[in-house]
Every structure is written in C-alpha cells, then in structure tokens.
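Residue-level listing of the chains:
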Amino acid sequence: MASSSSYNSPCAACKFLRRKCMPGCIFAPYFPPEEPQKFANVHKIFGASNVTKLLNDIMPHQREDAVNSLAYEAEARVRDPVYGCVGAISFLQRQVDRLQKELDATNADLIRYACNEVPSGLPHLSSIQPITPPQNPTRRFGDIDGGGGGFYQSPPSFPYPYANYQWNPSNSGGNFGGGGGGGGGQGNI
Amino acid sequence: MTSTRCAVCKYFRRRCPPDCIFSPHFLNDNPQRFTCVHKIYGASNLGKLLQETPMQLRADTIESLYYEAKCRIQDPVYGCAGIIWSLHQQIQIAQSQLARARAEIAFLDANVVVAEPTPSPGEPVVQQNGVDYGLDDPYDFWFY
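Residues numbered from 1 in each chain as written. Chains lettered and ligands numbered in written order. Predicted model: local features only at pLDDT ≥ 70, side-chain atom pairs only at ≥ 80, totals over all residues. Heavy atoms only, no water.

## Considering the overall build of chain A
Under the convention used in this document: Counting from the N terminus, the helices are the DSSP runs of H or I reaching at least four residues and the strands are the DSSP runs of E reaching at least two. The cut-offs for exposure are 20% and 50% of the maximum accessible area for each residue type, with area from a 1.4 Å probe on protein chains only; residues under the lower value are buried, those over the upper are exposed, and the others partly exposed. Whether two residues touch is decided by their heavy atoms; if any such pair falls within 4.5 Å, the residues are in contact. Residue-level accessible areas treat just the shown protein chains as cover; the underlying method is Shrake-Rupley with a 1.4 Å probe.
In terms of regular secondary structure, chain A is built from 5 helices and 0 strands. The 189 residues of chain A split such that 44% are buried. Sequence separation of at least 24 residues holds for 54% of the intrachain contacts in chain A that already meet a minimum separation of 6. Element-wise, carbon and sulfur atoms account for 52% of the exposed surface of chain A, whose accessible area totals about 9900 Å².

## Here we look at the overall build of chain B
In terms of helices and strands, chain B carries 5 helices and 0 strands. Within chain B, the proportion of its 144 residues that are buried is 39%. Contacts in chain B between residues at least 24 apart in sequence constitute 41% of all its contacts with a sequence separation of at least 6. Surface exposure of chain B reaches about 8500 Å², of which carbon and sulfur atoms provide 55%.

## Overview of the packing of aromatic side chains
To be explicit about the condition: Working definition: rings of Phe, Tyr and Trp (its six-membered ring) pair if their centres are within 6.5 Å, and the pair is stacked with planes under 30 degrees apart, edge-to-face with planes over 60 apart, and tilted otherwise. In this scheme, Lys NZ or Arg CZ marks a charge over a ring once it lies within 6 Å of the ring centre and within 35 degrees of the ring normal.
For the coordinates displayed, the defined rule picks out 11 aromatic pairs over all chains. Ring plane angle 80° and centroid distance 5.0 Å describe the contact between Tyr11 of chain B and Phe12 of chain B, whose orientation is recorded as edge-to-face. Judged by relative accessible area, Tyr11 of chain B falls into the partly exposed class, the value being 43%. Residues Phe22 of chain B and Phe34 of chain B carry aromatic rings whose centres are separated by 6.5 Å and whose planes lie at 55° to one another, so their mutual orientation is tilted. You can see Phe22 of chain B sitting in the loop between helix H1 (7-11) and helix H2 (31-40) and its partner Phe34 of chain B sitting in helix H2, a full 12 residues away along the chain. Assessed through its relative accessible area of 0%, Phe34 of chain B is described here as buried. Each member of the aromatic cluster is reached from another via a ring pair, and the members are Tyr11, Phe12, Phe22, Phe26 and Phe34 of chain B. Against the face of Phe31 of chain A rests Lys38 of chain A, its NZ or CZ located 5.7 Å from the ring centre. Over the aromatic face of Phe26 of chain B sits the side chain of Arg33 of chain B, whose NZ or CZ is 5.6 Å from the ring centroid.

## A closer look at the confidence of the model for chain B
Any residue range with low pLDDT should be treated as having predicted coordinates unsuitable for detailed reading. Residues and elements named next belong to chain B. For clarity, the threshold we go by: Confidence of the predictor at the level of single residues is given by pLDDT, which spans 0 to 100.
Across chain B, the average pLDDT comes to 81, with 75% of residues at or above 70. For chain B, per-element mean pLDDT is lowest for H1, which scores 92, and highest for helix H4 (residues 58-74), which scores 96. For residues 124-144, every residue scores under 50 in pLDDT, and the model assigns this stretch 36 contacts once sequence neighbours within four places are set aside. Among the prediction metrics, the complex's ipTM stands at 0.71, with pTM recorded as 0.66.

## Brief notes about the nonpolar core
Counted only if it meets this: Buried Ala, Val, Leu, Ile, Met, Phe, Trp, Tyr and Cys residues form a nonpolar core when they are joined through side-chain atoms within 4.5 Å.
Counting 48 residues, the largest nonpolar core has Phe27 and Phe46 of chain A together with Phe22 and Phe26 of chain B as its most contacted members. When contributions to this core are tallied by element, the ones reaching two or more residues are helix H1 (12-17), helix H2 (36-45), helix H3 (48-56) and helix H4 (63-79) of chain A together with H1, H2, helix H3 (43-51) and H4 of chain B. No other element matches the 5 residues that H4 of chain A contributes to this core. In this view, Phe26 of chain B contacts Cys6, Ala7, Val8, Arg33, Phe34, Val37, Leu46 and Ile62 of chain B; residues no more than four positions away in its chain are not counted. Of all hydrophobic cores here, the second largest spans 20 residues; its members include Cys85 and Ile89 of chain A together with Ala81 and Leu87 of chain B.

## Let's talk about the pattern of salt bridges
All names here are of chain A. Operational definition: The rule for a salt bridge is simple: a side-chain nitrogen of Lys or Arg has to be within 4 Å of a carboxyl oxygen of Asp or Glu.
Applying the stated rule across the entire model yields 8 salt bridges over all chains. Across the salt bridge formed by Glu75 and Arg79, the nearest N and O atoms sit 3.2 Å from each other. Placement of both Glu75 and Arg79 in helix H4 is noted, with a separation of 4 residues, approximately one turn of the helix. On the basis of relative accessible area, Glu75 is assigned to the partly exposed category, the value being 25%. Arg79 gets classed as partly exposed once you look at its relative accessible area, which sits at 38%.

## Re the side chain of Ser69 of chain A
Note the cut-off: Any N or O atom pair separated by 3.5 Å or less is treated as a polar contact, with the protein-specific requirement of one donor-capable and one acceptor-capable atom, and with residues adjacent in sequence counted only for side-chain atom pairs.
Take Ser69 of chain A: it is sitting in helix H4. Polar side-chain contacts of Ser69 of chain A include one of 3.0 Å to the side chain of Arg72 of chain B.

## Topic: the packing of H4 of chain A against helix H5 (residues 79-110) of chain B
Just so we agree on the cut-off: Axes here refer to lines fitted to C-alpha atoms; in helices the fit is confined to the stretch in contact. Angles between the N-to-C directions go from 0 to 180 degrees. Working definition: roughly parallel below 35 degrees, roughly antiparallel above 145 degrees, roughly perpendicular at 65 to 115 degrees, and oblique for all remaining angles. Gly is put with the polar residues, along with every residue not named as nonpolar or charged; the nonpolar set is Ala, Val, Leu, Ile, Met, Phe, Trp, Tyr, Cys and Pro, and the charged set is Asp, Glu, Lys and Arg.
At a minimum axis distance of 8 Å, the contact between H4 of chain A and H5 of chain B shows a crossing angle of 85°. Here H4 of chain A lies roughly perpendicular to H5 of chain B, going by the angle between them. Where H4 of chain A abuts H5 of chain B, its residues Ser69, Tyr72 and Glu73 of chain A lie against Gly79, Cys80, Ala81 and Ile84 of chain B. Across the contact of H4 of chain A with H5 of chain B, the residue classes tally to 4 nonpolar, 2 polar and 1 charged.

## What to know about the packing of H2 of chain A against H4 of chain A
All names here are of chain A. Running from N to C, H2 and H4 cross one another at 75°; their axes reach a closest spacing of 8 Å. One element, H2, and the other, H4, form an angle in the roughly perpendicular class. Across the interface between the two elements, Lys38, Asn41, Val42, Lys44 and Ile45 from H2 touch Val67, Asn68, Leu70, Ala71, Ala74, Glu75, Arg77 and Val78 from H4. Taken together, the residues that form the contact of H2 with H4 break down as 7 nonpolar, 2 polar and 4 charged.

Following this line, the structure appears as structure tokens:
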C-alpha cells in the first residue's frame, strides 16, 4: 500500500483529476503515482465519485482488496468492452464443468479398476493373463491420460482473452495473462 | 412527456427522446435493472460505454454490466473478481484430484500381481518373474 499524499507526489487519482492531493485523500493509499493506468481504467469504467462511494461503504481494512478488484474488472472491461469479466467467468465455468466430468469418469474407472475390473474407458490397458506358458503380455500405453499429457494441455481454443486470469485477493495487484479476441457467454448468479 | 419513457428517463424524470440510447435496454417494467447498473457505473459512464459499442452488441454489453453490477452489490469488496478467483481455485483442485486419480490408476496398473499357477512337482520355478512390468516394457518409463 503506497501513500502518496506527500508534498511532492500526488496520487495517481489526483494527478489524473488535476487536483491537489490532500492529506487523507481516499485514493492515495491505493493509487500510487507509479501506476497511472490503474486509476485511468477505474475512472473510465466506474467513475471517481462511484469509487469514492464504494470505498466509503467498505471497512478500511478491505479497501485495498476492493480497489484491486475494481481495477481488475475495469481492465477486463477495457480489454473486452462487451463482456468484461463475465466472459472470463463463462469460460472458467466451462472449464470447471469439463474437469468435473473428467474427474467423475476417472474416479469411476478407478473404482472399477480397484475392484479388479478393466475400466471400459481405458482401452489401452493390457489384459492380464495367467502365466502358464511364458509369454509377454501385450501392453499399450499410448495415451492413457488422454495423450501426451493431455490433461495438462491448455483448454481447447476459445475466443476468450482471459484464458490465464490469475488474481488473488491477497495480491496487491491483478495479473492478466493471455490475449486475443472476445467471446460470448454470460454467467448467472 | 410520453408515458412510454424508458426506465432511465423515468429515473431522471426527463423526457425520453425517440433515439434514447437506453430505451431498448432498460424498459420501464424493470426499473431495478437500471438502478443496479447506475449504482455501480453511473448513467454517464454507461452512456459512454454504449456509444462506443456497436449497436448489435449493446444488448450483451448491458447484460454483462448488469451481471457485474449485481455481483458488486452482493459482494462490495470482490465483486466478479471474487467469482473468477473462486473458479480458479476450483480448477486447481479439480486438476490435482484428476492427476491423483490418474496416477492411482497408473500405479494399480503397473503393480498388478498376477496370480501364478501352483508348480507341480518337478517343474522349475523360474517363471515367477515372467512378467516384469518394470523392466520389459519401455513404455513404463513414460509414466515415471
């Protein structure tokens, strides 16, 4: 948290708004002068007065997280004016659903396997044969997990710009990864 | 003053012009929708965003803004960003569970103990290791 209400360096908000940065400026702890774009985005999407009202309604110890989440959403909206954060939510929700289906199928296979049945979803596992005559069992380990580390592959190509969103409330800033065109989809709350 | 003002013009108690930018998206029968968006973004910012958006995409834009505004009202600290963070956590948990389940399957598969026939008297007992999954099959190393 940077305090910029000093004699020499107005905070990014007061600099942007071209006003004197007074001691006790509500923006100063959260918009350091070194990050002008952060306030520019927040101001463009939410407006300074709305942000002031929001911050005044929040406990002081939560304001840093609130500002960072606002900055995160504002940047998402600047990058994708149509869908903003909702695009990312839709994309991530689909990933969760896909992974959950895979997990359910794999757990079912595991249970069947543990009960000494050959899972039907794993066609490449060898069949176990009694060793009366010496023989080498046939084993194929082509792509037991979906092929070449398929589980860890990036999700299928999807026109969302935020495939690598990483934001942790404990961080002081958001990190955006990925890029590209916007996509459709809205979540429900 | 027309009786078919949109929710925005009704909110501001002004005339709703025929080319009102808000009227297709904020109908009079759902004032709460605009109230929600206005609380977070403000009508002025909303108007600017809509003007910068192609007409055919404005409906989706309003829907997503409304969704984000609702999230922010419900969670003033984290808003939508909290949902994104939570989804990332869920993905990480699901991925690690999936990796663990697959590793267990691979482990079970590699360590299957095949039942051996009881050797009759006189037969050599050298076939105990006829199956050596660990050494014979080069593909095994792929997993370890």
